[in-house]
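Given next are the chains, with one letter for each unit.
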Amino acid sequence: MKNSTNDITYEQLTSQETELQDENKEEEEEEEEEEEEEEEESSDFFDPTQIRITTKQISMDLLLKRIKYEEINLNPDFQRNANIWTDKAKSRLIESLLIRIPLPAFYMDATEEEKWLIIDGLQRLSTFKSFILDEKLVLKDLEFLKDLEKKKYSDLSRNYKRRIDEAEFIVYLIEPGTPPKVKYNIFRRINTGGLPLNLQEFRQAINPGQATKILKELANIPEFQKLTSFSQKRKDRMVDHEFILGFIAFTLISYNRYSSEEGRDDFLDKAMKKLNKINENRVQEIKNKFIFAMKAANNIFGKDAFRKITEDGKRKYPINKALFESWSVTLSDLNEQELETLIERKEKVKEVFIKKMQDDSNFLESVSQAATKVPYRFDTIKEIIKEVLSC
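Just so you know, the residues in each chain are numbered from 1, in the order the chain's sequence is written. Residues qualify for local features only when their pLDDT is at least 70, as the model is predicted, and side-chain atom pairs are given and counted only at 80 or more; totals for whole chains, interfaces and linings, by contrast, use all residues. As a rule here, side-chain values come from all non-hydrogen atoms in the structure, and water together with hydrogens is ignored.

Caption draft 1: Up close: the packing of helix α11 (residues 239–252) against helix α13 (residues 280–301). Working convention: axes come from line fits to C-alpha atoms, limited for helices to the stretch in contact. Angles between N-to-C directions cover 0 to 180 degrees. Here a strand is any run of E in DSSP of at least two residues, a helix any run of H or I of at least four, and the numbering for each starts at the N terminus. Running from amino to carboxyl end, α11 crosses α13 at an angle of 120°, the nearest separation of the two axes being 11 Å. The angle between α11 and α13 places the two elements in the oblique class. Classified by chirality, the crossing of α13 by α11 is right-handed. Where α11 approaches α13, its residues Ile244, Phe247, Ile248, Thr251 and Leu252 are matched on the opposing element by Arg282, Ile286, Lys289, Phe290 and Ala293. Classification used: nonpolar for Ala, Val, Leu, Ile, Met, Phe, Trp, Tyr, Cys and Pro, charged for Asp, Glu, Lys and Arg, polar for all others including Gly. For the contact of α11 with α13, the per-class residue count stands at seven nonpolar, one polar and two charged. By the definition adopted for this analysis, an angle is roughly parallel if under 35 degrees, roughly antiparallel if over 145, roughly perpendicular if from 65 to 115, and oblique otherwise. Here a crossing is called left-handed whenever its near helix is offset anticlockwise from the far helix by less than a right angle, and right-handed whenever the offset is clockwise. Contacts are assigned to residue pairs that have any heavy atoms within 4.5 Å of one another.

Encoded structure:
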């Protein structure tokens, strides 16, 4: 006997929503090694009175019109993130609409009235677009409405179409005049149980322009891909872009100007804005330095590049943000003759590096968290290079 919405119990609805959330959380789990440093709490402070958020109830019809006329910014640089959900998860979301399960609220930056920016809810909006506007999604693996499997939006009865078209959603709009730091803090507190944007995704969303294009281009450089070997899932969450931005940040802004009070996130935010403003010559210079650094790291460290190294070499450590930034930036400042010398003495470089890791607890701490003792680790890497060059 086919299920009807009248036969569905509260427990089943709860199970349906929980399963949808769990399905999406599984997509966020990594199959490969993570960076070693732990996630750190944000230390940003702001005046709570600067928070400007309005709440609106918006129909599916109005949301779709904004999407159709590109008045909700799904950002072309973000489209690779719009399909993280499986077709099963997308289908279950549509089924939730059809059996009238309330969906989580959307968060949008309404700083520009003509172009809202989606902060949280990208996967859901992309699913609506795929199923209703593009008709690319075909329903599958439904839990209750089995008779609707293998159907597109146009195949639905008028009754089901009306349920979708007339669905209403809570939308929180961040109003014009809200300072960037406040936006970031609001973003960090949002968690709907699905796949909210991480900080790098959010950083690129609110800083469209040449910066995102540069990060994307550098992420495709063979030398970088060879040394980092990020899984596709991690690339989809722009982990590779954050590593590259770290290099660019410390290339554009000296590590001596890094403020531990403002924190790493603020430092990367400033670099992203600065990257959007520099001229073409400076952009090319940064690209050349990055490629030079990747080739240098490969020639000196090979598979151990940007990782902690042990004396016996038995354990392969995960790639490390702190070491990536400090080694790549320092190597990029070498001249050709200095690099040749380091390559000839690469075993000595590794030996001195390992000794520093073993004997200097401050250095070890500085490379265990990307935001910790930043100037100290850069100075130590420089000392290692200086020592090897002077042998």
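Caption draft 2: Structural detail: the pairing of strand β4 (residues 116–120). Type-normalised accessible area, obtained with a 1.4 Å probe on protein chains alone, sets the label of each residue: buried when under 20%, exposed when over 50%, and partly exposed for intermediate values. Burial of β4 is extensive: five of the five residues sit out of reach of the surface. When DSSP finds two or more bridges between a pair of strands, those strands are recorded as paired. Here strand β2 (residues 72–73) pairs with β4 via two bridges, running parallel. Following the sheet pairing, asparagine 73 is matched in β4 by leucine 117. Relative to β4, strand β3 (residues 106–109) runs antiparallel, the two being bridged by three bridges. In the strand pairing of β4, methionine 108 is matched with isoleucine 118.

Caption draft 3: Just the environment of glycine 263, in detail. Following the sequence through the fold, glycine 263 ends up in helix α12 (residues 263–275). A residue is classified by how much of its surface remains accessible, and glycine 263, at 13% relative accessible area, is buried. Residues glycine 263 and threonine 372 lie 109 residues apart in sequence; the distance between their C-alpha atoms is 9.1 Å.

Caption draft 4: Looking closely at the sheet that holds strand β5 (residues 168–174). Across the sheet, which stays open at both edges, the five strands sit in the order β1-β5-β3-β4-β2 with mixed pairing between neighbours. Here the strands that pair on one side only, and so sit at the sheet edges, are β1 (53–59) and β2. Bridge count between β3 and β5: four bridges; the pairing is parallel. Counted as the bridge partner of aspartate 109 is isoleucine 174 from β5.

Caption draft 5: Layout of unusual backbone geometry. If you check the backbone angles, serine 229 has positive phi at about 50° while not being a glycine. Structurally, serine 229 can be placed in the loop between α9 (222–228) and α10 (232–236).

Caption draft 6: Region of interest: the nonpolar core. Counting 63 residues, the largest nonpolar core has Ile248, Phe290, Phe306, Trp327, Leu331 and Phe353 as the members making the most contacts within it. Ranked by residue count, the leading element in this core is α13, at ten residues. With residues near it in sequence (within four places) discarded, phenylalanine 353 still touches Phe301, Arg307, Ile309, Leu323, Trp327, Phe363 and Ile384. Membership of the second largest hydrophobic core comes to 40 residues, among which are Trp85, Ile94, Leu97 and Val171. To form a nonpolar core, buried Ala, Val, Leu, Ile, Met, Phe, Trp, Tyr and Cys residues must be joined to one another through side-chain atoms within 4.5 Å.

Caption draft 7: Representation of the side chain of glutamate 325 within the structure. In this fold, glutamate 325 is placed in helix α14 (residues 321–332). For glutamate 325, a relative accessible area of 1% gives the class buried. Between N or O atoms, a polar contact is any pair within 3.5 Å; within protein, one atom must be a potential hydrogen donor and the other a potential acceptor, and residues adjacent in sequence are included only when both atoms are from side chains. Among the polar contacts listed, one links the side chain of glutamate 325 to the side chain of arginine 377, at a separation of 3.5 Å. The contacts of glutamate 325, once residues within four sequence positions are left out, are Gly246, Phe247, Phe250, Arg264, Arg377 and Phe378.

Caption draft 8: Inspection of the environment of isoleucine 343 at higher detail. You can see isoleucine 343 is positioned in helix α15 (residues 336–344). Of the residues examined, isoleucine 343 reaches a relative accessible area of 27% and is grouped as partly exposed. Setting aside anything within four residues of it in sequence, one finds isoleucine 343 in contact with Asn299 and Ile300.

Caption draft 9: Expanded view of the confidence of the model for the chain. Within the chain, residue pLDDT values average 84, and 82% of them lie at 70 or more. Summary of the metric used: pLDDT quantifies the predictor's per-residue confidence within the range 0 to 100. Counted against residues more than four places away or in other chains, residues 1–17, with its pLDDT under 50, gives 24 contacts. Considering only residues more than four positions removed or in separate chains, one finds that residues 19–44, a stretch of pLDDT under 50, has 70 contacts.

Caption draft 10: The arrangement of the pattern of salt bridges in detail. For this document, the term salt bridge refers to a Lys or Arg side-chain nitrogen within 4 Å of an Asp or Glu carboxyl oxygen. Counting across every chain of the model gives 25 salt bridges. Of the charged contacts in the structure, one is a salt bridge between glutamate 285 and arginine 282, with a shortest N-O distance of 3.1 Å. Taken together, the residues glutamate 285 and arginine 282, both in helix α13 and three residues apart, mark about one turn of the helix. A network of salt bridges, in which partner residues are shared, links Glu242, Arg264, Lys321, Glu325 and Arg377.

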